[in-house]
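If you want the building blocks of each chain, they are given just below.
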Amino acid sequence: MNWLTDYVRPKLKELMGKEKKDVPDNLWHKCPGCEQMLYHRELVENLSVCQYCNHHLRISVKKRLELLFDGGNYKEIPLGKVVQDPLKFKDTKKYADRLKTYRDKTKREDAMTVAVGTIGGKKVVISAFDFGFMGGSMGMAVGEGILKGAEEAVRSKAAFITIPASGGARMQEAILSLMQMPRTTIAVQMIREAKLPYIVLLTDPTTGGVSASFAMLGDIAIAEPKATIGFAGKRVIEETIREKLPEGFQTSEYLLDHGMVDLIVERKDLHSSLSKLLSHILK
Amino acid sequence: MLTLDFEKQIHDLETKIEELRHMASGEEMDIIEEISTLQNKVDKLLKQKYSKLSAWEKVQVARHPERPHTKDYIKDLIEDFIELAGDRNFAEDAAIIGGFGKFNGNPVMVIGQEKGADTESRMKHNFGMPKPEGYRKAQRLMLLAEKYDIPVITFVDTAGAYPGVGAEERGQSEAIARSIDICLGLKVPIISVVVGEGGSGGAIAIATANSVLMLEHSVYSVISPEGCASILWRSADRKKDAAAALKLTAQDLHKLKVIDDIITEPLGGAHRHHKEIFKNVNNALQKELTNLKKLNGQTIMIQRRKKFLDMGRNL
Ligand SMILES: [Zn+2]
């Protein structure tokens, strides 16, 4: 799995002023949904949604947060320090080196951003995954980010939103990544005990241990269209049952049909839908 | 008994002992002496081998088909076991079995994955790979235990949750997540024993416990060594490297403070002496139960949560 093959880098230059733009405006992207060629500038204007097939391409955390928070304004909460590579994991490459590569590339500590702001005037804390950082895989830092988000929401009596975009566990943190399943579930329980709203926005992809913990425990589960959401990988299932998978298997629409999510909301409508929802459930 | 690839020499000696036993009628002193010499040799080899099994060798021992399974532990350790079936929603899933019984005279709820022991029972128990209804049955039973203020013992032995279309349709992710959620909120003690394989999310769904114990040669991991090798090394042949890197042995996990204690196995592994491992598991469970019985429900829940929150922070 190459985590970056279909990851479209956001157009950062307008947002970050001095930041060197790393995607020329004349670049074309191939839509993963319909394989149409999409002109970069148009794609950005359309919130990285394909104008032909409505495929919601992956977007950066920064772009995501700007779309969701009122006026695009939010404050990031720094991730706490976590133990680095406690297993001294090495596959074809050292995990420590991999981390460094991704940190240099993304200018982020890990695959998690915690941010506070308002949506529809209501206080909200968001813990959002960055798929561009090792496929959004969940290790210690990500787990701590979810806990930190929940703690902040309880402290400020805010709604808590998690936005998974993750292939699942960070294998290089082995058992400690598995332990993030109960640890992030504790975050959900903290919010529940404070009687605050917990909303999950399922984005592409939400699979493995991420889907089988905090991501499936939302009071309300919203999915972006056509996101891949499921526990086991498609290839694993095909090899196990040796059958062709049903049409649209493990998509948002499939989950909606099977009663696993509350609603599917297009990217452009997320802010207004969340605003309405929060006006009902958060004082 | 299935011979593991690293046990060839031991197996050859054991075969020879068997042959000599058949020859001897009980009087021939030389044959008896020969048997005794060979047996000493076997014991020495087993001791040497099993004191320093590699991670991959432990995986093989943990998956040994004659290693006692959940049913065997229930049969030996639990009196008057009443098995309870079904999730009251969709189906009965025998990959997880559970019910009430008495452990050393006190009522307990026992829940565990069961792999099965022959072709027929393996099919019946779906090779110990639960579907959502299995986890939902486990949730129902845990909540029943809480209602009656009865502690929960879980036996963990699964390659993982079942990867299938139906399981996905019925919300495998939600079922596992909710099981973890219920484990964490329970106001009665939960003690988990990884008796064979602790396969990822499929295992932790019933192992988010106050005390997590592992048998000396059992394994517990976020992914199988084969799966990890094919993803990270792009070759399933690197499973030995993956097994070592994953730190999936009881000894490694104890050092990482992910598990609470290790239960010693008899010489040559649990599959060689069932009675002995039952005794050791009994003692270990009783010790944990006695300690946890002193705490009230709220404290039990808080202790469990704190334990998981501390994980990784305490390294
Ligand atoms: Zn398209």
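Because the structure is a prediction, the values reported are computed rather than measured.

Rules used throughout
Residues numbered from 1 in each chain as written. Chains lettered and ligands numbered in written order. Predicted model: local features only at pLDDT ≥ 70, side-chain atom pairs only at ≥ 80, totals over all residues. Heavy atoms only, no water. Helix = DSSP H or I, 4+ residues; strand = E, 2+ residues; numbered from the N terminus. Rg over C-alpha atoms; globule rule 2.2 N^0.38 Å. Buried < 20%, exposed > 50% of the residue type's maximum accessible area, 1.4 Å probe, protein only. Contact = heavy atoms within 4.5 Å. Areas by Shrake-Rupley, 256 points an atom, 1.4 Å probe, with all protein chains shown as cover. Lys, Arg positive; Asp, Glu negative; His and termini not counted. Charge placed at Lys NZ, Arg CZ, Asp CG, Glu CD. Core = buried A, V, L, I, M, F, W, Y, C linked by side-chain atoms within 4.5 Å. Phe/Tyr/Trp six-rings, centres within 6.5 Å; stacked < 30°, edge-to-face > 60°. Lys NZ or Arg CZ within 6 Å of the ring centre and 35° of its normal. Axes fitted to C-alpha atoms, helices over the stretch in contact; angles between N-to-C directions. Parallel < 35°, antiparallel > 145°, perpendicular 65-115°, else oblique. Nonpolar A, V, L, I, M, F, W, Y, C, P; charged D, E, K, R; others polar. Buried area = accessible area lost by both parts, 1.4 Å probe. Salt bridge = Lys/Arg side-chain N within 4 Å of Asp/Glu carboxyl O. Polar contact = N/O pair within 3.5 Å; in protein donor to acceptor, adjacent residues only side chain to side chain. Donors = N, O, S within 2.8 Å, 3.2 Å for Na, K, Ca; no water. Pairing = 2+ DSSP bridges. Domains from an automatic or database assignment. pLDDT = per-residue confidence, 0-100.

Caption draft 1: The arrangement of the overall build of chain B in detail. Within chain B, the secondary structure is distributed over 14 helices and 8 strands. Computed over its C-alpha atoms, the radius of gyration of chain B comes to 21 Å, within 12% of the 20 Å expected for a compact globule of 315 residues. Counting all 315 residues of chain B, 58% fall into the buried class. Pairs at least 24 apart in sequence give 72% of the contacts found in chain B among residues at least 6 apart. Of the roughly 13,200 Å² of accessible surface on chain B, 52% is carried by carbon and sulfur atoms. Counting 44 positive and 45 negative side-chain charges, chain B places the averaged centre of each group 7 Å from the other.

Caption draft 2: Molecular detail of the nonpolar core. Formed by 140 residues in total, the largest nonpolar core has its most connected members in Ile-126 of chain A together with Tyr-220 of chain B. Considering every element that reaches this core, the biggest residue donor is helix α8 (residues 172-185) of chain B, with 7 residues. Each residue touching Tyr-220 of chain B, except ones within four places of it in the same chain, is listed here: Ile-175, Leu-178 and Met-179 of chain A together with Val-194, Gly-198, Ala-203, Ile-204, Ala-207, Met-214, Leu-248, Leu-253 and Ile-259 of chain B. Core analysis: the second largest hydrophobic core is formed by 24 residues, Ile-74, Val-281, Ala-284 and Leu-289 of chain B among them.

Caption draft 3: Structural context of the packing of aromatic side chains. A full pass over the atoms with the stated rule returns 10 aromatic pairs over all chains. Relative to Tyr-74 of chain A, the ring of Phe-69 of chain A has its centre 5.6 Å away and its plane inclined at 25°; by these criteria the two rings are stacked. For Phe-69 of chain A, a relative accessible area of 1% gives the class buried. Measuring from ring centre to ring centre gives 5.8 Å for Phe-129 of chain A and Phe-214 of chain A, while their planes differ by 10°; the resulting arrangement is stacked. Taken together, the positions of Phe-129 of chain A in strand β5 (residues 122-129) and Phe-214 of chain A in the loop between α8 (208-211) and β9 (220-223) put the pair 85 residues apart, joining distant regions of the chain. Among the residues examined, Phe-129 of chain A registers a relative accessible area of 5% and is labelled buried. Through a chain of ring-to-ring contacts, the aromatic side chains of Tyr-73, Phe-155 and Phe-278 of chain B assemble into a single cluster. It is Arg-58 of chain A that lies over the ring of Phe-131 of chain A; its NZ or CZ is 4.0 Å from the centre. Positioned above the aromatic ring of Tyr-162 of chain B is the side chain of Lys-131 of chain B, whose terminal nitrogen or guanidinium carbon lies 5.1 Å from the ring centre.

Caption draft 4: Layout of the packing of helix α5 (residues 140-155) of chain A against helix α7 (residues 180-193) of chain A. Residue and element names in this part refer to chain A. Packing of α5 against α7 leaves a shortest axis separation of 9 Å and a crossing angle of 5°. Taken as axis vectors, α5 and α7 run roughly parallel relative to one another. For the pair formed by α5 and α7, the contact residues are Met-140, Gly-143, Glu-144, Ile-146, Leu-147, Ala-150, Glu-151, Ala-153 and Val-154 on the first element and Gln-180, Arg-183, Thr-184, Ala-187, Met-190 and Ile-191 on the second. Split by residue class, the contact of α5 with α7 holds 9 nonpolar, 3 polar and 3 charged.

Caption draft 5: Structural detail: the interface of chain A and chain B. On the chain B side, the residues contacting the 48 residues of chain A number 45 residues. For the pair chain A and chain B, the summed buried surface comes to about 4,100 Å²; carbon and sulfur atoms form 71% of the total. The largest contributions to the chain A side of the interface with chain B come from Met-171, Ile-175 and Phe-231 of chain A, which together make up 15% of the buried area. Scanning the region where chain A abuts chain B turns up 3 salt bridges. Where Asp-181 of chain B meets Arg-192 of chain A, a salt bridge forms, and the shortest distance between an N and an O atom there is 2.6 Å. Between chain A and chain B we count 16 residue pairs in polar contact (both at pLDDT 80 or more) in total. Mapped by element, the contributors of at least two residues to the side of chain A that touches chain B are α5, α6 (174-178), α7 and α9 (234-241) of chain A. Taken together, the residues of the side of chain A that touches chain B sort by class into 31 nonpolar, 11 polar and 6 charged.

Caption draft 6: Seen up close, the coordination of the zinc ion. Donor atoms from the polypeptide that coordinate the zinc ion comprise Cys-31 of chain A (SG), Cys-34 of chain A (SG), Cys-50 of chain A (SG) and Cys-53 of chain A (SG), at 2.2 to 2.4 Å from the metal. Binding-site remark: the zinc ion is held by donors from one chain whose sequence spacing is C-x2-C-x15-C-x2-C.

Caption draft 7: Fine view of the packing of α8 of chain B against helix α14 (residues 297-310) of chain B. Residue and element names in this part refer to chain B. For the pair α8 and α14, the least separation of the axes is 8 Å and the interaxial angle reads 125°. Judged on the interaxial angle alone, α14 and α8 are oblique. Contacts between α8 and α14 involve Cys-183, Leu-184 and Gly-185 from the former and Met-301, Arg-304, Arg-305 and Phe-308 from the latter. When grouped by side-chain class, the residues that make up the contact of α8 with α14 number 4 nonpolar, 1 polar and 2 charged.

Caption draft 8: View of the pairing of β9 of chain A. Residue and element names in this part refer to chain A. Alternating residues of β9 divide into Ile-220 and Ile-222 and Ala-221 and Ala-223, and every residue in both groups is buried. Where β9 and strand β11 (residues 263-264) come together, 2 bridges link them in parallel fashion. Opposite Ile-222, over in β11, you have Leu-263 as the bridge partner.

Caption draft 9: Spotlight on the domain arrangement of chain B. All names here are of chain B. Per the domain assignment, the segments of chain B are domain 1 (5-52) and domain 2 (58-309). Computed over C-alpha atoms, the centres of domain 1 and domain 2 are 35 Å apart. Listed by partner, the interface residues are 9 residues for domain 1 and 8 residues for domain 2. Between domain 1 and domain 2, roughly 700 Å² of surface is buried when both sides are summed, and carbon and sulfur atoms account for 57% of that area. Three residues, Phe-6, Leu-46 and Tyr-50, lead the burial of domain 1 against domain 2; their summed loss comes to 63% of the area buried on that side. Counting the contacts that link domain 1 with domain 2 gives 2 salt bridges. At the surface where domain 1 touches domain 2, the tally comes to 3 residue pairs in polar contact (both at pLDDT 80 or more). Sorting the residues of the side of domain 1 that touches domain 2 by element identifies α1 (8-23) and α2 (29-51) as the ones contributing at least two each. Ranked by residue count, the leading element in the side of domain 1 that touches domain 2 is α2, at 4 residues. Looking at the side of domain 1 that touches domain 2, its residues break down into 4 nonpolar, no polar and 5 charged.

Caption draft 10: Representation of the confidence of the model for chain B. Of the residues in chain B, 100% have a pLDDT of 70 or more, and the chain-wide mean is 96. As scored by the predictor, the complex reaches a pTM of 0.94 and an ipTM of 0.96.

Caption draft 11: Layout of the sheet that holds β5 of chain A. All names here are of chain A. Ordered in space as β3-β4-β5-β6-β7-β9-β11, the 7 strands form an open sheet in which the pairing is mixed. The sheet is open, and its two borders are formed by β3 (74-77) and β11, each paired with just one other strand. Where strand β7 (residues 198-202) and β9 come together, 4 bridges link them in parallel fashion. Residue Leu-201 lies in a different strand from β9, and its bridge partner there is Ile-222.

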